[in-house]
Amino acid sequence: MSASLLRRGACLRANTTRFISSRRSADSDRALLYSSSYAKTRSQAFISDVGIAQRGYSSALPLDTIKESIKSSLLEEASKKDSSFWDENQKTNGINGQMPTVDIEKRLSDVVDVDTPINKPDPLDEWYLDAVSLKAHHMHDSLNGFEEGKIFPRIPEGVAPLDSHINDPFHLSRPDVHDISATIGKDLVGTDHPVLNSAARYFFNSEDGKGKGKQVRPVMVMLISRAMMHIDNELETSSPRLTHILKSQRRLAEITEMIHTASLFHDDVIDDADTRRGLPAAHKAFGNKMAILAGDYLLARASICLARLRNVDVTECMSTVIEHLVRGEVLQIKDSRTGVADMEGYLRKNFYKTASLMANSCKSAALLGGNVSPEVVDAAYLYGKHIGVAFQLIDDALDFEGNAASLGKPALADLNAGLSTAPVLFAAESHGPELIPAMARKFKESGDIELALRCIHDADGVNRTKKLAAIHAEKAMVSIVTALEPSPYRDSLVHLACRVVDRSR
């Protein structure tokens, strides 16, 4: 049997499950962490596509060789931007075989096909990279200031200046989010198993506050929720309807933090991280298996809480986030195998791993708000999306500027882990011949990290990363100012975008 046929036949039946369950490499760890059953279902659909279901294969080759062929075939297919691997269903309907979509404003009663998605997919086709090209980078007209590494995005007209008592995002949101970690740890993630209980609550019950993190996601959810109160004339202060809406949105903020924390548990096992949020990483405290189970348990609890919101639009929206976490990991696996990524692919991966949760959480807050227009729902999504992209870009830049005390993890952690983040990719545009080989070998040879740092400095890679973050922050500001009525809560969302960009941790 030919090697080509074996590679196709290797996608067959139980081999996919055995590969995913294998713990012999970091790549297979990633697949295990993010739901082997999900991957199995999609791989079976892929098998059907290539038309080799029910066909046997020779057992003459070693099992490891077959596993590697399975891995290569699945990753190659799943990492394609337009891959059918991630289709909601393999059976298409509608005109010319295209799967139909339903506008978000259509009521659920109009949707009769259970295979039809409610929420329209984001094409992810605009990243504003032209604004930070080598030629454009030296023109700072698009920003109010860009001096000595400090960035000052333009604040839209009509937004009041930052006032710590009136429109400061963390001050305004404190009554809603100050005890979110305590609520999650006390009321939402309890289990009879003492070790699992301690692991699941690890970042929620820290007495010194270290484990809480920045809580940007719950803050965003609650600020958008409060800002929307000013555009619904039917809502009355202290009315039972308003109380119910805010309770649902507060629960959404808790769900968002649970999903985020679960992803941290899994990511730290994958990356073998030593610290997180100033504490030992969960797997260092409880072991790999318990950290993985704690992450899975948090996702399960989040799913139960999500179902109890009794809003199908929101359930689909937030469930998409978990699929996107899987997509992001698949893309990262592919990058880790080659060592080289393109900037657009890198930003798409970051959307799946970071920005999707922020975007869909903000969108869900709007959906729970009751009488809001589709334009407001879309604006909430765009705000969260652009904030998420900016957030990860600043994280990339801080890895080259911060220290362990400010970051909660060692500086240059990404480079030392062999990861090519935005500053490296910007540097590769002008220093490709010397930098790309080091990227491909994941900076493992002596002098590779020093070479990368020199190339990044010469290409101004860190500042270009910050500038791209500032541009996305501006896009977030415009989306929210355009859609929402003036209020301290709306203005606080603008100032939150500035905080995300201008931070040291």
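From a predicted model like this one, the values you see are computed outputs, not experimental measurements. (Residues numbered from 1 in each chain as written. Predicted model: local features only at pLDDT ≥ 70, side-chain atom pairs only at ≥ 80, totals over all residues. Heavy atoms only, no water.)

S.K.: Would you explain the overall build of the protein in this entry?
M.R.: Scanning the protein for helices and strands turns up 22 helices and 4 strands. By residue count, 53% of the 505 residues in the protein fall in the buried class. Sequence separation of at least 24 residues holds for 75% of the intrachain contacts in the protein that already meet a minimum separation of 6. As displayed, the protein offers around 22,800 Å² of accessible surface, 51% of which is attributable to carbon and sulfur atoms. (Helix = DSSP H or I, 4+ residues; strand = E, 2+ residues; numbered from the N terminus. Buried < 20%, exposed > 50% of the residue type's maximum accessible area, 1.4 Å probe, protein only. Contact = heavy atoms within 4.5 Å. Areas by Shrake-Rupley, 256 points an atom, 1.4 Å probe, with all protein chains shown as cover.)

S.K.: Please explain the nonpolar core as it appears in this structure.
M.R.: Nonpolar side chains in soluble globular proteins generally cluster together in the buried interior. In this structure, Ile-224, Ile-259, Tyr-383, Leu-435 and Phe-443 are the most contacted members of the largest nonpolar core, which totals 116 residues. Among all residues touching Leu-435, those that are not within four sequence positions of it are Val-424, Ala-427, Ala-428, Phe-443, Ala-452 and Cys-455. Residues Leu-75, Ala-78, Val-330 and Ile-333 belong to the second largest nonpolar core, which totals 5 residues. (Core = buried A, V, L, I, M, F, W, Y, C linked by side-chain atoms within 4.5 Å.)

S.K.: Whenever I open this one, helix α15 (residues 343-367) confuses me. Can you help?
M.R.: Two residues of an α-helix separated by three or four positions point the same way, owing to the 3.6 residues in each turn. The axis of α15 is deflected most strongly, by about 60 degrees, at Ala-355. For α15, the side-chain oxygen to backbone nitrogen distance between the N-cap and Glu-344 is 3.3 Å, and the N-cap itself is Asp-342. (Bend = angle between axes of the 7 residues up to and from the residue. Polar contact = N/O pair within 3.5 Å; in protein donor to acceptor, adjacent residues only side chain to side chain.)

S.K.: So what exactly am I meant to see when it comes to unusual backbone geometry here?
M.R.: Most peptide bonds take the trans form, and the phi angle of most residues other than glycine is negative. If you check the backbone angles, Leu-124 has positive phi at about 50 degrees while not being a glycine. Residue placement: Leu-124 occurs in the loop between α5 (63-78) and α6 (134-137). The buried category is assigned to Leu-124, whose relative accessible area is 5%. The backbone phi angle of Asp-460 is positive, close to 55 degrees, even though this residue is not glycine. Looking at where Asp-460 falls in the secondary structure, it is placed in the loop between α20 (448-458) and α21 (461-483).

S.K.: Help me understand the pattern of salt bridges, please; the structure alone is not making it clear to me.
M.R.: Close approach of charged atoms allows side chains of opposite charge to pair. A complete count under the given rule lists 20 salt bridges for this structure. With its nearest N and O atoms 3.0 Å apart, the salt bridge here joins Asp-176 to Arg-226. Of this pair, Asp-176 sits in helix α7 (residues 169-177) while Arg-226 is found in helix α10 (residues 216-228), placing the two residues 50 residues apart along the sequence. For Asp-179, the salt bridge is made with Arg-250, and the minimal N-O distance between the two is 3.0 Å. One end of the pair, Asp-179, is in the loop between α7 and α8 (180-188); the other, Arg-250, is in helix α11 (residues 240-271), and 71 residues separate them in sequence. By relative accessible area, which is 27% here, Asp-179 ends up partly exposed. Because the salt bridges share partners, they merge into one network encompassing Asp-179, Arg-250, Arg-251 and Glu-254. (Salt bridge = Lys/Arg side-chain N within 4 Å of Asp/Glu carboxyl O.)

S.K.: How should helix α22 (residues 488-501) be read in this particular structure?
M.R.: When the terminal C-alpha atoms of α22 are compared, their 20 Å separation across 14 residues agrees well with the 20 Å that a helix rising 1.5 Å per residue should span. Counting buried positions along α22 yields 11 of 14 residues, so the element is predominantly enclosed. For α22, the complete set of buried residues consists of Arg-490, Asp-491, Ser-492, Leu-493, Val-494, His-495, Leu-496, Ala-497, Cys-498, Val-500 and Val-501. Tucked inside the fold, the buried residues of α22 contact β2 (150-152), α7, α10, α16 (374-398) and α21. (Expected span 1.5 Å × (residues − 1).)

S.K.: Looking at this structure, I do not really get the confidence of the model for the protein. What am I missing?
M.R.: In regions of low pLDDT, the predicted coordinates are not meant to be interpreted in detail. Looking at the protein, the pLDDT average stands at 80 and 74% of residues meet or exceed 70. Taken together, the stretch residues 1-59 has pLDDT below 50 and engages in 109 contacts with residues farther than four places along the chain or on a different chain. Counting interchain partners and residues more than four positions distant, the pLDDT-below-50 stretch residues 90-102 has 24 contacts. (pLDDT = per-residue confidence, 0-100.)

S.K.: Sorry if this is basic, but what is going on with the side chain of Arg-201 here?
M.R.: Mapping Arg-201 onto the fold places it in the loop between α9 (194-200) and α10. Comment: no salt bridge for buried Arg-201; closest opposite-charge side chain is Asp-187, at 7.1 Å. At a separation of 2.5 Å, a polar atom in the side chain of Arg-201 contacts the main-chain carbonyl oxygen of Gly-185. (Lys, Arg positive; Asp, Glu negative; His and termini not counted.)

S.K.: Before we go on, may I ask you to explain the packing of α10 against α15 in this structure?
M.R.: When two helices pack together, their arrangement is given by the angle between the helix axes and by the axis-to-axis distance. Taken N-terminus to C-terminus, the directions of α10 and α15 make an angle of 25 degrees; their axes are 9 Å apart at the nearest point. The orientation of α10 with respect to α15, classified from their angle, is roughly parallel. The handedness of the crossing between α10 and α15 comes out as right-handed. Mapping the contact onto sequence places Val-216, Arg-217, Met-220, Val-221, Ile-224, Ser-225 and Met-228 in α10 and Thr-354, Leu-357, Met-358, Ser-361, Cys-362, Ala-365 and Ala-366 in α15. Per-class residue counts for the contact of α10 with α15 are 10 nonpolar, 3 polar and 1 charged. (Axes fitted to C-alpha atoms, helices over the stretch in contact; angles between N-to-C directions. Parallel < 35°, antiparallel > 145°, perpendicular 65-115°, else oblique. Left-handed = near helix turned anticlockwise from the far one by under 90°. Nonpolar A, V, L, I, M, F, W, Y, C, P; charged D, E, K, R; others polar.)

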